[in-house]
Each structure stands twice: as C-alpha cells, then as structure tokens.
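An overview of the molecular structure
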Amino acid sequence: MSNVWLLYMGFAAVLLFAGLYCLLTMRNLIKLFIGVEVIGKAVTLGIIATGATKNSILTAQALAVTFIVVEVCVVATALAIIINVYRHTKSLDIRKLTQLKG
Amino acid sequence: MMALQIGLLCGLVVFSLLAVLLRDILKAAISLAVASLLLGILFFRLDAPYAGAFEISVVAGLITVLFVVTIALTKAEGGVHESRAAAWIFPLFFVVFLVIDFLVMRRLIGQVASLPAPAEAGTFGQVLWKGRTFDLIAQVGVIFAGVFAVLALFRKRSKHE
Amino acid sequence: MIFLFIALPLVVAGILPLIGKISPRLLPDILANAVFAALLAIALFAGPSLIGQGAGLQPFMFLGEPLGIHLALDGFSLFMLAAISLVGLCIGLFSVDYMEHYGHKAAYYALLLIMFAGMNGLVLVTDFFQIYLFLEVAAIASYALVAYGLGHEELEASFKYLMLSAVSSAFIVISVTLLFGLTGSLDFGAVSQALRGLNQPLASGVCAALFIMGFGLKAALIPFHAWLPDAHPSAPAPISAALSGLLIKVSGIYALTRIFLKVFGLTPALSNILMILGAVSMVVAAFLALGQKDIKRMLAYSSISQVGYIVLGIGLGTPLGILGGLFHLLNHALAKSLLFLNSGSIQMAAGTRNLEEMNGLSKKMPVTAATTLVGSLSIAGVPPLNGFWSKLIIVVALVQAKRFGFALAAILASVLTLWYYLIIQRRAFFNKPDEKWRDVREAPFLMTTATVVLALLCIVIGIFFTATISTWIEPARDALAGGLQVIQSSIGIQ
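Parameters and conventions
Residue numbers run consecutively from 1 along every chain, following the written order of its sequence. All chains are assigned letters beginning at A, and all ligands numbers beginning at 1, according to the order in which they are written. Local features in this predicted model are restricted to residues whose pLDDT is 70 or higher, and side-chain atom pairs enter the listing and the counts only when it is 80 or higher, whereas totals over whole chains, interfaces and linings include all residues. With hydrogens and water excluded, all non-hydrogen atoms of the structure serve as input to the side-chain values. Two kinds of site are reported from a 1 Å grid over the protein atoms alone, namely cavities, where a 1.4 Å probe fits but cannot get out, and pockets, open sets with protein on both sides within 12 Å along at least five of seven lines, and residues are called lining when an atom falls within 4 Å of a point. Grid points are joined across faces, edges and corners, and a volume is the space filled by probe spheres set on the points. Secondary structure elements are taken from DSSP: a helix is a run of H or I of four residues or more, a strand is a run of E of two residues or more, and numbering for both begins at the N terminus. Residues are sorted three ways: Asp, Glu, Lys and Arg are charged, Ala, Val, Leu, Ile, Met, Phe, Trp, Tyr, Cys and Pro are nonpolar, and all the rest, Gly among them, are polar. Residue contacts follow a heavy-atom distance rule, with two residues in contact if any of their heavy atoms lie within 4.5 Å. When two components associate, each loses some accessible surface as probed by a 1.4 Å sphere; the sum of these losses over both components is called the buried area. A pairing counts as a salt bridge when a side-chain nitrogen of Lys or Arg comes within 4 Å of a carboxyl oxygen of Asp or Glu. Polar contact criterion, stated in full: a pair of N or O atoms within 3.5 Å, where within protein one must be able to donate a hydrogen and the other to accept it, and residues adjacent in sequence count only if both atoms are side-chain atoms. To estimate how far a helix should reach, multiply one less than its number of residues by 1.5 Å. Only protein chains enter the accessibility calculation, which uses a 1.4 Å probe. A residue is then buried if its area is under 20% of the maximum for its type, exposed if over 50%, and partly exposed in between. pLDDT gives the predictor's per-residue confidence on a scale running from 0 to 100.

Observations regarding the layout of surface pockets
By volume, the largest pocket amounts to about 840 Å³. As for the largest pocket, its lining consists of 32 residues, of which A:Ala13, B:Met105, B:Leu108, C:Leu178 and C:Val206 are closest to the centre. For the lining of the largest pocket, the secondary structure elements donating two or more residues are helix 1 (2-25) and helix 2 (29-53) of chain A, helix 4 (84-108) of chain B together with helix 6 (152-183) and helix 8 (201-219) of chain C. In terms of residues, the lining of the largest pocket owes the most to one element, helix 1 of chain A, which gives eight residues. The residue makeup of the lining of the largest pocket, split by class, is 26 nonpolar, four polar and two charged.

This is the structure in structure tokens:
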C-alpha cells in the first residue's frame, strides 16, 4: 500500500505548494488566509490518506477531527484580527501594514 | 474505484488553485468550500465517514460562513489590487513543481519501507474516547483559547483609548 | 498531581469571565496569581519527590477504567515546569497594576492562563500529535494577547505572527503525519524504536527537516526570525516577557530538544545544522540589536541572540554542552522577563520606548534602574551573575569538543551583547535627568516586587550556581543524556 500512500502525499504536496505560493505573492489579507486554509486541506488529506493506506483509519479520523477543530479556532481568531485591522486602516491591503519593519 | 478517487483529488486541486488565483474574494471563498466538499466526499470513499462529515459540515460549512461574514464586514472601497505578475508566473512555477513532485514520488516508489500500524480494535468512538482521551482535553484548551481570543478582540474599548 | 498543571489553569480560565462579571478587577487578579503560586509550589516541593518515586508515566483512571492519558514527568519536564511557573508568577504580579488601563482583565487573565496551560501541557506529553495540539493552544492564546492593545501596531504584529506561526504549525503536523505513516505510531518511545528499526535515512531526514523549519520558526532562529522583532515589542509588557522568556523556549527549544535528543537521536549532521543555526542567530541578531532605538525591539533581537546560545549548547550534544544550554535557558528566561517587565514600567511612567528620548531616569526610578542593571549584566554575562556561568559552561563545552570557531563566535556575541546593554544603561538611566521627567514616579509596589524578585533570583543563582546546577539542571540533563546514550549506542555514531 506504500505506493498509494505516495500518490496521496504527492497530491498533498501540490496543495501545500499552492498554499505557500498564495502566502508569498498575494496582498489581500483574506486571500492570504485562504492560503493557510489550503495548507490545512493538505494536512487533513495527508492524515486521512495515511490512516486509510496504513490500516489505522480510526486513529487517523480522531486526529483529523481534532485538527479540524483546531483549524476552526485559528480561523476565528485570524478573521477577528483581520476585521480589527480593517477598522483601523479601512483596507485589506498587506502593503498598508508597514509600520513595523520585520 | 481508484479512478473516482483520482478524479476527486484532481477536482480538489483545481478548486484549491481557483481559491488561490481568483481575483474576486467571495468567489475564492466559495471555491475553497467546493474543494472542502470534494475532500469530504473523498473521505467517505476512504472509509472515514466521521472525518468526512466533519470536513463537510465544519470546514465547508462553518468556515465558509465565517469567511463570507468577514468579507461582508470588510467591503473595502476599491478593493485590493493583486499583482498581475503573481497570476501570470504561477503556471510556470506550478508546472515546474508538478514535474519535481512527480519525479520525486516516482523515485520513491517501492523505496519507502514502513511499519504496519498495530491493529485497531473497536469503533471510532472507543478509539477517540479511550485511545486519544488527552486530545479531547487539548481540544477543550484550543476551544477556550479561540473563544477568549474572539471575546478579547471584539471587546469594548476602555475609556483609556 | 501532575495533571493539575494543565487542568487547573484551564478550569480557572473557564470560570474567570463569570467571576469577571461579579468583580471585574480584584477577584481575577487574586485567582490568577493564586493559580501561578499553587503551580510553583507543586513544582518546587512536590515535583522532585514525584520523580524520585520513579513515576515516569502517570496512568489515569476514570470510573475504574484506564484512560488514554499518558503524561511523563522527568527531570527535564520538571525543570521546565518550575521555570514556567516561576516566571508566570512574576508576570502575574506585574500584570495586576500594568494591565489596569487595558481593560477587561478577566479575559486577559483567562488568555494568559490558557497560554500557560498550553505550555505546561507541551512539556508533559509523550505523543507527537499532542505536542502539536498544545503548541496550538499556547499559540492561539498568544495571538490574541499580542493584539490585546487593539492598536494598529499590535494588530499588524499579531497578523504577521499568526501567518508565520500557522505555517510553522502546518510543517510540524505534516512531519507528524509522515512519522505516523512510517512508524504506525505517535508515541515518542514507539516512534524512536521504530525509526531505529526502519533505518530509513531519507524519510527520517525529511521529517527532521520539517521539524527544524517548524520549531525553528517557533523559536525564531535566524532565517526564520522575521515575526519576532514585531510581535514581541508590540505586545503588552508582561506578554512580551512571557513570549520572550518562555513561549519561544517551550514551543521551540523544548520541543526541538525533546524530539531530536530523545526520538531521532542527535546524529553528527543534525548536531552541525543545529549548531550553525544557533551560531548564526547568536551573532547576526547581536549585530541587528546594536542598531535599534526602541528598547523593546532591542530586547527582542537580544532574545533571538540568546536563543542562539541555547541551541548552540544543546546542539553540541555533549553532556556539558546540554548542561550549559539548559542553564542558559533558565537564566535567560529570568533575566529577559525582568528586562521586558522593566521596559513596561518605563513605558508606563515615561510614556516612551525610544532610547534616545529617555535620559537619566535612574534618579526618578531607582528600583527599575537597579533591576535593569542586574538583568542587563546577567544577560551580557558579567560575573558573578547567573548569565556569566551559563555562557562560561557553553564556551568551555565548545572548547572541550574542539569546536574553536563556535567558541570564538560565542565570545564575540557576548562582547556585542555587553555593548548593546551598555547602550541601554547609558541612554536610559545614567545621564543627567531630563527636565521633562519631573513628574515621573517609580512604578507601583507590585510591579517593582515582581522585578525585584527576578533580579534577586539572578543574583542568588549567580552566587549559588553550583547548588542550582546540581538540584535542577543536572537531573534535566540526565533525563536527556540518558536517552542520548541509548540512542548513540544503538545506532552508533556515524
């Protein structure tokens, strides 16, 4: 079953790449967060595919469900921060966030 | 059997790419929801009904609602102009990455040895509640953290400010 | 007993908002500090005996059935728990007066307690996925705490922090998934055994690389440091102290150390990568700190630099190197929290963080000036303060291992450290008092108490450093080095 596992991992890697590309090139704050969500999909796919091909689907489901709960909490926090940023700058452009110089 | 799953995986990738590349943020959020839906169906095919149900109801449902609410609350004047270059050079990078990904995975076929997992007994509920009990406590912590974070970020400003 | 470290802060955090409705200030103050004090007492007095009984794994029963909760307490976890609770108590005391003008104290303390519950949990678990979960508990609470002031700067810093932290968490959980696929297990011991049995250098190399990226981002080692100089200065002062003093160490260094020394085994290649990352962070961040005008940004860069020392010592992998790294971890946690708290006192009294604007505050704020001096000299490594001994141990370990280049870098970085801390002292405190500081007064009693406690600890640990090492650091080192020998003897040093 190892080869099927590799197939799924290959697809998860594509999703990971798409998410990272989004984080590196986009400017809209919400769009950046969609990038994080795409990475999250790669992770859930990886967990379930691992469980399905390695015959441990029950544990994998437990992990995936937990991961989804964590994801929701991160999304809620991030969107709350984005709304607060919008109240200050009236814009969602990452280029307006330049007060601090990394 | 496998063909359907590969079809679902390809659809997942296509809609994720749409979510990344679409200019209109609302359409991007909806593409993301469709991608989650396909992922959820894939989970059902992979014999993971609980994860599939969670993926569809929570990620495709709840998170999309949160995104749409945020988009509605932040209707920016004029919107944000994404750089055109980012969308134009994407196919180039993407194809290069696909080739690398394909070559690496082909190289690895038959190379990765792994140990079989110990056999699982019982139902999903038993595994979750008995085997992964501590995850549930950590989940309580995560949910507390999320709730208090949102409460703190939307609190009324004090007189000081 | 050990379970209290996670359960007590979580439960109190859950009831705090309800209590906040009855009494918005007093009760949350008392409850939060009582939790920190209770945990500190357990760690200091009950902890050593729990290890002494050989209570390695603590099984839990509920209604006669065993639960799947495995917590492990060894010397290393106990050492971290004691450091977390100690600094936590000082931060809690400092927050009583400092957080007064931010409002909504109950929510603040709830988030603070959740962050500490996350850190305590991370230190106690024995399972890869739970490491990720508790990491995320602490991280989500810290995003909100960084943005707690709700100003433009805070929100910007918090957003950047959140994005990079989410990516690092994703790397970590992907690596955990790969390990799960390879070994079919998530438990530290089982994974470690399985990895040795599998002997797959490529696959475990990929996992190790993902872990280094993930935890390197959390610990802000140099190529991955971009978020820290924004996030730590923007947060309220007690939170800066908690993040710089504890969170980067627990979620970055503790996890790295635990995973690489106990599970993967420290191969020479891995050791070299860690040492190079550490040395680069140490030197580059010290140069970057020299150019800062904002006191908190300077302290933030200094944190990156000192984390470099710790990683250098632990990455060396000899018993003496690990000892020095762990001792420096404790010393830096104490001294850096002290300095960040003092920067908060200065900001509250004088209303500025710019080093060029503060002149001669020492007359007006004698306690703050004195404790800042102690903290600065401790981090800069001036004898007989605690920072000197830990840096000395690291340099001696490097020389013993014949790594002279790294030893030279460590000495160079410590000279730079002394230099920029002298800049802080000269600009902020030693000059003639400025006219505009006529109305500046010393910080309130509880705030100075917190800083004086930390400063006294710096001095006492410096004087009785042998006693500290033998009671706290050596058990921690032995917990790690024991596993190290087992792994080295079984794979052999390549």
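Overview of the interface of chain A and chain B
Contact residues are listed per partner, giving 65 residues for chain A and 80 residues for chain B. Taking both partners together, chain A and chain B bury about 6,600 Å²; carbon and sulfur atoms supply 76% of that area. Joining chain A to chain B, the criterion identifies one salt bridge. Our count for the chain A to chain B interface comes out at nine residue pairs in polar contact (both at pLDDT 80 or more). Of all the secondary-structure elements, those providing two or more residues to the side of chain A that touches chain B are helix 1, helix 2 and helix 3 (57-89) of chain A. A total of 26 residues in the side of chain A that touches chain B trace back to one element, the largest contributor, which is helix 3 of chain A. Taken together, the residues that form the side of chain A that touches chain B break down as 42 nonpolar, 13 polar and ten charged.

Digging into helix 5 (residues 128-146) of chain C
End to end, helix 5 of chain C covers 27 Å across 19 residues, agreeing with the expected 27 Å (1.5 Å per residue, within 8%). Burial analysis of helix 5 of chain C places 19 of its 19 residues in the buried class, the great majority of the element.

Observations regarding the interface of chain B and chain C
Between chain B and chain C, the residue contacts involve 30 residues of the former and 41 residues of the latter. In total, chain B and chain C occlude about 3,100 Å² of area from one another, counting both sides; carbon and sulfur atoms represent 71% of this. The tally of links from chain B across to chain C stands at one salt bridge. B:Arg132 is the salt-bridge partner of C:Asp127, the closest N and O atoms lying 3.1 Å from each other. If you look at where chain B meets chain C, you find four residue pairs in polar contact (both at pLDDT 80 or more). The set of elements that each furnish at least two residues to the side of chain B that touches chain C consists of helix 5 (124-131) and helix 6 (133-153) of chain B. At 14 residues, the largest contribution of residues to the side of chain B that touches chain C is made by helix 6 of chain B. Along the lines of polarity and charge, the residues of the side of chain B that touches chain C split into 16 nonpolar, eight polar and six charged.

Some details on the confidence of the model for chain A
Confidence in the prediction for chain A averages 88 pLDDT; 94% of positions are at 70 or higher. Confidence, read as mean pLDDT per element, is least for helix 1 of chain A in chain A (89) and greatest for helix 2 of chain A (92).

Section: empty space enclosed by the protein
A full pass over the atoms with the stated rule returns eight cavities of 30 Å³ or more. Approximately 170 Å³ is the volume attributed to the largest cavity. In terms of lining residues, the largest cavity is bounded by 16 residues, among which A:Val36, A:Phe67, A:Glu71, C:Glu136 and C:Ala166 are the most central. Contributions of two or more residues to the lining of the largest cavity are made by helix 2 and helix 3 of chain A together with helix 5 and helix 6 of chain C. Here the lining of the largest cavity takes six residues from helix 2 of chain A, the largest share from any one element. Of the residues in the lining of the largest cavity, the class split is eleven nonpolar, two polar and three charged. For the second largest cavity, the calculated volume is near 90 Å³. Lining the second largest cavity we find 13 residues, and of these C:Tyr161, C:Ser165, C:Lys218, C:Trp227 and C:Ser251 sit closest to its centre. Every element with two or more residues in the lining of the second largest cavity is listed here: helix 5, helix 6, helix 8 and helix 10 (237-264) of chain C. Its residues placed into classes, the lining of the second largest cavity shows eight nonpolar, four polar and one charged.

Quick word on the pattern of salt bridges
A side chain with one charge can pair with a side chain of the opposite charge if their charged atoms come near. All names here are of chain C. With the rule as written, the count across this model stands at twelve salt bridges over all chains. Between Lys160 and Glu156 there is a salt bridge, and its shortest N-O distance comes to 3.2 Å. On the criterion of helical spacing, the pair formed by Lys160 and Glu156 is a turn pair, its members being four residues apart in helix 6. The salt bridge partner of Lys160 is Asp230, with a shortest N-O separation of 3.6 Å. Note that Lys160 is positioned in helix 6 and Asp230 in helix 9 (residues 228-234), a separation of 70 residues in sequence. Of the residues examined, Asp230 reaches a relative accessible area of 1% and is grouped as buried. Where salt bridges share partners, they join Glu156, Lys160, Asp230 and Arg297 into one cluster.

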